[in-house]
Amino acid sequence: MSETGEIERQAGRGLRWSLVGNLVMKAGSFAMSLVLARLLVPEDFGVFAIALAVSQFVIHINDAGVIAATVQWRGRMAEVAPTATVVAVASSCTLYAVFWVIAPFYASMAGSEDATWVIRILMATNVIYGLTAVRSAALMRGFEQDKLAWANLAGFAANASISISLAASGAGAYSFAWGQLGGAALTGVLVVALARVRFTVGFDRALAARLLRFGLPLCVGLGVEGLLLNVDIVLVGDVLGPEQLGLYLLAFNIAGWVPGIIGTAIRYVALPSFARLAEEGPAAIEAGVRRAVPLLGSIVLPIAVLMGTLAPALVGFLYEPHWLPAAQVLRFLAVVMAVRMLNILITDILAALGHTRATMWVNLCWAVALIPALLVGARHGGIQGAALAHAVIALVLALPMLSLALRRAGVPPRLFAAGLARPVLGAAVAGVTMAGLATVTDQPFGQLCVAGGGGLLVFALIAVPRAVLMRLLRQGRAHARL
């Protein structure tokens, strides 16, 4: 088997494990939230949400880009691990100290001084992530996502046990924070044990400089990406008030299902895959792009079309009728979701090639253009206007900038265009099919089954190559005989 073929096999195995782990984690988180909702009052959720917002932002910049820098390191792991460990720990501890000091001010500004100690406890999880950053990178670099998945699942089990026990005993919002910290601690211990990388510390100034030159621009880019994920919620709430924000947030969360499950799994696999391919040369990178882009398009685009075309049926089936205005928002945020997924893949390709500054500039320009567009859209078109503005900026600005960044990194954008041609055509025809079949019934569930099922079948017939369909059909027949 060729080197490229071996990388593809390992990446496929890693992606499967990442997807399974994410699906189980999402299902478990949903079940845990149902239990905690019966034990806690809404104020407890609000206090934790304030703490979680700052923690989730910091996690993007916590390790100064060391994980990504270590994954794509061209040399031996042993030569960089001691210095990378020092850099990651120093970065996470510094950030923890900063947010320990500003926690009271942030909590007061957010309207809940009770959140101060919840923030301080929850932020300690990021120190653990700093301690284990290099070991997590080692598992990703070796395509050992199964070990990462088991460590994360064990940590989640500990998190759920601690959170539910403390909530039942009256700990309030602290039950969330201590549960997260306990789960992170167990995951960290398992990651260190499973990575089989000696936990040694040392500091080489030249190595640290190389790590930071790669990692800091990526760190800034991911921090801005975190801003992009939350800025519309802040602005919509400020312009339109809490009721309209609630409708927007519901659509935003639905559109976030795919990036939350599939996008996270891709991040675990794409960077080490393309880093290995980059060592083989431009031809290997191009081969990897030819395989990855059609696969991504075939997964993401049919879901985006279903969300956009059958948004009223989807919202009507899952939620109460008073949430239906969120469906018009979901139509546009489905477009944003598709662009975000493409951005995730391109970001990892650029990082594997060492072009982390390109990601930083793309996200910065995206954010600068998005903020005024959201304000104008919300003021003149309400929540639909804000969602439309987000979709327009993603298509008109973000996609061309990503294309330019790829070109400058030596990756021809035509590879993406060629890889997305069949999925885009399939998505367009599937959308027309869904819209037509949706008129057959007024029932949301019936529309999802008839129109959604018919559209997805049409997409598969157009977007998936005939040879692949025949192979899948043969495999299905073989399993049926068994």
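From a predicted model like this one, the values you see are computed outputs, not experimental measurements. (Residues numbered from 1 in each chain as written. Predicted model: local features only at pLDDT ≥ 70, side-chain atom pairs only at ≥ 80, totals over all residues. Heavy atoms only, no water.)

**Some details on the overall build of the chain**
Put simply, the rule reads: Put simply, DSSP H or I for four residues or longer makes a helix, DSSP E for two residues or longer makes a strand, and each gets a number counted from the N terminus. Each residue gets one of three labels from its accessible area relative to the maximum for its type: buried under 20%, exposed over 50%, partly exposed in between, using a 1.4 Å probe on protein chains only. Should any heavy atoms of two residues lie within 4.5 Å, those residues are counted as being in contact.
Per the secondary structure count, the chain includes 18 helices and 0 strands. When burial is assessed residue by residue, the chain has 51% of its 482 residues classed as buried. Summarising the internal contacts of the chain: among those between residues at least 6 apart in sequence, 82% fall at separations of at least 24.

**Things to note about the nonpolar core**
Formally: What makes a nonpolar core is a set of buried Ala, Val, Leu, Ile, Met, Phe, Trp, Tyr and Cys residues whose side-chain atoms join them at distances within 4.5 Å.
Core analysis: the biggest nonpolar cluster contains 111 residues, and Tyr248, Phe274, Val289, Leu330, Leu333, Met341 and Phe416 have the highest contact counts within it. No other element matches helix 14 (residues 326-352), which puts 19 residues into this core. Setting aside its immediate chain neighbours within four residues, phenylalanine 274 contacts Ile285, Gly288, Val289, Ala292, Leu345, Ile349 and Ala352. By size, the runner-up hydrophobic cluster in this structure holds 28 residues, among which are Phe48, Val118, Ile119 and Leu122.

**Details of the packing of aromatic side chains**
Note the threshold: The pairing test for Phe, Tyr and Trp rings, Trp by its six-membered ring, is centres within 6.5 Å, and the orientation test on the planes gives stacked under 30 degrees, edge-to-face over 60, and tilted for anything in between. Two limits define a charge over a ring: the Lys NZ or Arg CZ must be within 6 Å of the ring centre, and within 35 degrees of the ring normal.
For the structure on display, the rule yields 3 aromatic pairs. When the ring of phenylalanine 317 is compared with that of phenylalanine 445, the centres are 5.4 Å apart and the planes differ by 35°; the resulting orientation is tilted. Taken together, the residues phenylalanine 317 in helix 13 (residues 311-318) and phenylalanine 445 in helix 17 (residues 444-463) connect sequence positions 128 residues apart. Judged by its relative accessible area of 44%, phenylalanine 317 is partly exposed. Members of the aromatic cluster, connected to one another through ring pairs, are Tyr96, Trp100 and Trp117. Above the plane of the ring of tryptophan 100 lies arginine 120, whose end atom (NZ or CZ) is 4.4 Å from the centre. In this structure, arginine 120 packs its charged tip against the face of tryptophan 117, placed 4.9 Å from the ring centre.

**A look at the pattern of salt bridges**
We apply this condition: Here, a salt bridge means any Lys or Arg side-chain nitrogen found within 4 Å of an Asp or Glu carboxyl oxygen.
Throughout the structure, instances matching the rule amount to 2 salt bridges. The shortest N-O distance in the salt bridge between lysine 147 and glutamate 144 comes to 2.8 Å. When sorted by exposure, lysine 147 lands in the same class as glutamate 144, which is buried. Note that arginine 290 is salt-bridged to glutamate 286, the shortest N-O span being 3.6 Å. In this pair, arginine 290 and glutamate 286 both sit in helix 12 (residues 282-309), 4 residues apart, roughly one turn of the helix.

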